[in-house]
6 protein chains.
Amino acid sequence: MTRLTRRYKFSASHRLHSAAMSDEENSELYGKCNNPFGHGHNYVLEVTVRGPVNAESGRVVGIGKLDAYVEREVIRHFDHKDMNRDVPDFVDLVPTTENLSVIVEKRLRRDWSSSFGTASLDAVRVQETKRNLFELRDL
Amino acid sequence: MTRLTRRYKFSASHRLHSAAMSDEENSELYGKCNNPFGHGHNYVLEVTVRGPVNAESGRVVGIGKLDAYVEREVIRHFDHKDMNRDVPDFVDLVPTTENLSVIVEKRLRRDWSSSFGTASLDAVRVQETKRNLFELRDL
Amino acid sequence: MTRLTRRYKFSASHRLHSAAMSDEENSELYGKCNNPFGHGHNYVLEVTVRGPVNAESGRVVGIGKLDAYVEREVIRHFDHKDMNRDVPDFVDLVPTTENLSVIVEKRLRRDWSSSFGTASLDAVRVQETKRNLFELRDL
Amino acid sequence: MTRLTRRYKFSASHRLHSAAMSDEENSELYGKCNNPFGHGHNYVLEVTVRGPVNAESGRVVGIGKLDAYVEREVIRHFDHKDMNRDVPDFVDLVPTTENLSVIVEKRLRRDWSSSFGTASLDAVRVQETKRNLFELRDL
Amino acid sequence: MTRLTRRYKFSASHRLHSAAMSDEENSELYGKCNNPFGHGHNYVLEVTVRGPVNAESGRVVGIGKLDAYVEREVIRHFDHKDMNRDVPDFVDLVPTTENLSVIVEKRLRRDWSSSFGTASLDAVRVQETKRNLFELRDL
Amino acid sequence: MTRLTRRYKFSASHRLHSAAMSDEENSELYGKCNNPFGHGHNYVLEVTVRGPVNAESGRVVGIGKLDAYVEREVIRHFDHKDMNRDVPDFVDLVPTTENLSVIVEKRLRRDWSSSFGTASLDAVRVQETKRNLFELRDL
């Protein structure tokens, strides 16, 4: 069993504001991220796949196939978008990077097993800035 | 004469759309950056100061003084902001990173000489992503 | 359950010399790090927190709260310090980065549960240079 | 127990082509990596060692000893080499980075326990480019 | 006048061997890079364009147009190639990164002025590894 | 004419304190860098050489020769050292990175022309942290 991690990038904007809290609470919790007009980041997405190495091909999964899948399920929906207004998943959900990583993982799981067979989705990591990294991991 | 380069970061969003062009022209020129709701980046700003090394202090400029100046003139106006709506310089100007670097340099020049005397502002660089860097340089 | 990793930096100096070994043994084991007057590094500290995402706030922990805690318990005691002479933990302990990561984790655990409730301290990593990384992890 | 990760670099070339597949299949699976004359990468190898911190030395393993071992078992055989023609392990094995990480781990395990006693080889990671990382991990 | 720097990547292999020198001289001058079967690198190419910012578009050049030009003139000829055998420019020229940067600049200059008008090609930089950078600059 | 930049690393400690100023002035100017016992950094040194590409060898200078020169003139005197106490150049000079870059350049110039002939020393850059870069450049 080996793990392959593949790295993708996208740029997006968001505003952190929870309807369940008062303006003061929002401002205290989210700080500058609560600014009314939003701001943005260069996100880095890492997808880790775990599985046996195929004896003929020497691969865990085909890289081209993985790239096409991640592009179709995730990147095209987030890249150069305003997450609050362009991504339906965030209609009722604050687009913190915690929630973003949950949403990205859910989207990647949808057709995973029919696409990649025995190779499992092992971890999803989303880096918001060099200081903030969020990870969902199978264990 | 030596050059000191100091690096700052800010996160902001923008939308590229020029009122002087048709929708088709905007879409062709700016591609995904023309998306109606905007998107964002982690910007890196590098400020280069050129001057003699002070014999007593061993410094070209005081780092703390430079940081306070850049924070006051630039960072606080751009960090965690939507440039199209939060920054008045972009009311009639498309917030491309070319224009952003011109605006940043203009803001830094305003009180430069009264603040830093013989040390000159040598170059301003703004990195939008790891693939895009814009520079204004004195020569 | 998700994991949030937050990255901090500090610069410090140290000298590696064990009172339990001869000068020759020290020199052989620690090499240039045994130099009598010490040397220094830009350390990178990564703190990983594991917990459920709060449904209202979309956060595992408040970032501002975490930053203040790490600053108070660790950074202010190590940043711009000589670990052998400024940090009491190293009076009888060689400040290798292995020991530094043990000490940092111990300091972070002290008031962790009273400060962060159900969110657990999952991993502590200290990077000494780009070639050397030390990790303490819960599993 | 702590984990020490040490990072090494080597530059090598390879061509991905499997004798078990037709030319069309090779071209479809490996894409540009199937180019007849090969191409190359700057590889990064990370070796993670897990063990108790020695009370006298403050180390998990001697860094100099680890470096000499990795150099002798791995680096000198791969650095500035063409893996298809210079490395005997790849006579019948496609030098994908999956297989490369399996081979590197096998070579590191060979004399590990006689060299490092209670400190175990915890993980081996090979990065081919900033977008591709392969890991073998003990758990 | 501003400068835009755009960054591209390609992976290629090469062998350094000069027909004008003896085997001993080749080995002494090029070291491991003289290995008979070659080795490879992840190259980074930076292209710097200098010009006025267009008042309407806010751009020095169209990014999409620049990318297509660099892809057509350079990247497709070098990416995933063996420079000694796949790139005709190196039939009689040792593919050192000095020569590579000269060749890349020559290829970029060919149709530059008919493609980009008043925006000039200001600098070409090729990074072979993090330790080696080569630059051709107009001044 | 092309420019070759080669990158070196060293780790060292220093304390910023000027005998020409009062304790208060020292503390205000140097901030935490004035801490009595010093602190340290992982420094990055970049050396840029400018010259014609030799037609036979395809090189500006021999890389091995340059490395040996920089090691002998600079690295061995600074790596794993306390600059205030181990490096005689700083007996009467505050080891700011401005002064460090001046000293490094002076040391590199000493035997430069007898060692490298027509290839000139074009620039010396010293990076103290990712936020601070100092450069001496010929122009």
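Predicted model, so just to flag it, every value in this text is computed and none were measured.

**Considerations on the pairing of strand β5 (residues 132-137) of chain B**
All names here are of chain B. Here six bridges tie strand β4 (residues 120-129) to β5, and the two strands are oriented antiparallel to one another. Bridging across to β5, arginine 125 finds its partner in glutamate 135. Connecting β4 to the next strand, β5, in antiparallel fashion are two residues.

**Notes on the pairing of strand β5 (residues 132-137) of chain E**
As paired elements, β5 of chain E and strand β1 (residues 2-14) of chain F share four bridges and run antiparallel to each other. Considered in β1 of chain F, the bridge of asparagine 132 of chain E is made with arginine 6 of chain F.

**Observations concerning the interface of chain F and chain B**
Taken together, the contacts link 22 residues of chain F with 19 residues of chain B. For the pair chain F and chain B, the summed buried area comes to about 1700 Å², and 44% of that belongs to carbon and sulfur atoms. For the chain F face of the interface with chain B, the top three residues by lost area are Glu98, Arg131 and Arg137 of chain F, together amounting to 34%. At the junction of chain F and chain B, the tally comes to one salt bridge. Close ionic contact of arginine 59 of chain B with glutamate 98 of chain F constitutes a salt bridge, the shortest N to O distance being 3.2 Å.

**Quick word on the relation of the copies chain F and chain B**
Superposition record for chain F on chain B: RMSD 0.0 Å, screw rotation 120 degrees, translation along axis 0.0 Å. Within this description, the copies of the chain are treated as partners about a three-fold rotation axis. Of all interface residues in chain F, a mere 5% are interface residues in chain B too; the two copies therefore contact each other through different surfaces.

**Quick word on the interface of chain E and chain D**
It is common to give the size of an interface as the accessible area that goes away when the parts come together. Opposite the 22 residues of chain E that make contact, chain D presents 22 residues. There are two salt bridges connecting chain E and chain D. In this structure, lysine 32 of chain D and aspartate 79 of chain E form a salt bridge, with 2.5 Å as the shortest nitrogen-oxygen distance. Where chain E packs against chain D, one counts 17 residue pairs in polar contact (both at pLDDT 80 or more).

**Re unusual backbone geometry**
Most of the time, phi is negative for any residue but glycine, and the peptide bond is trans. All names here are of chain A. The backbone phi angle of histidine 80 is positive, close to 60 degrees, even though this residue is not glycine. By the element assignment, histidine 80 lies in the loop between α2 (63-78) and β3 (81-82). Under the relative-accessibility criterion, histidine 80 is labelled buried at 12%.

**Re the pattern of salt bridges**
Note that side chains of opposite charge can pair when their charged atoms are close. Going through the model one piece at a time under the given rule, you end up with 72 salt bridges over all chains. One salt bridge in this structure joins glutamate 105 of chain D and arginine 109 of chain D, with 2.9 Å as the shortest N-O distance. Residue glutamate 105 of chain D and its partner arginine 109 of chain D are both found in helix α4 (residues 97-109); the two are separated by four residues, about one turn of the helix. By relative accessible area, which is 19% here, glutamate 105 of chain D ends up buried. The network of salt bridges with shared partners includes Arg7, Glu46, Arg125 and Glu135 of chain A.

**Details of the relation of the copies chain E and chain D**
Turning chain E through 180 degrees and shifting it by 0.0 Å along the axis lays it on chain D, with an RMSD of 0.0 Å. These values place the two chain copies in the arrangement generated by a two-fold rotation axis. Mapped onto chain D, 100% of the interface residues of chain E are again interface residues, and the two copies thus contact each other with one and the same surface.

**Here's the deal with the confidence of the model for chain A**
Low pLDDT marks stretches whose predicted atomic positions should not be read closely. Residue and element names in this part refer to chain A. Averaged over all residues, the pLDDT of chain A is 94; the fraction at 70 or higher stands at 99%. The secondary structure element of chain A with the lowest average pLDDT is strand β5 (residues 132-137), at 88, and the one with the highest is α2, at 97. Predicted complex, confidence summary: ipTM 0.91, pTM 0.92.

Procedures and definitions
- Residues numbered from 1 in each chain as written.
- Chains lettered and ligands numbered in written order.
- Predicted model: local features only at pLDDT ≥ 70, side-chain atom pairs only at ≥ 80, totals over all residues.
- Heavy atoms only, no water.
- Pairing = 2+ DSSP bridges.
- Helix = DSSP H or I, 4+ residues; strand = E, 2+ residues; numbered from the N terminus.
- Contact = heavy atoms within 4.5 Å.
- Buried area = accessible area lost by both parts, 1.4 Å probe.
- Salt bridge = Lys/Arg side-chain N within 4 Å of Asp/Glu carboxyl O.
- Least-squares fit on C-alpha atoms with pLDDT ≥ 70 in both.
- Polar contact = N/O pair within 3.5 Å; in protein donor to acceptor, adjacent residues only side chain to side chain.
- Buried < 20%, exposed > 50% of the residue type's maximum accessible area, 1.4 Å probe, protein only.
- pLDDT = per-residue confidence, 0-100.

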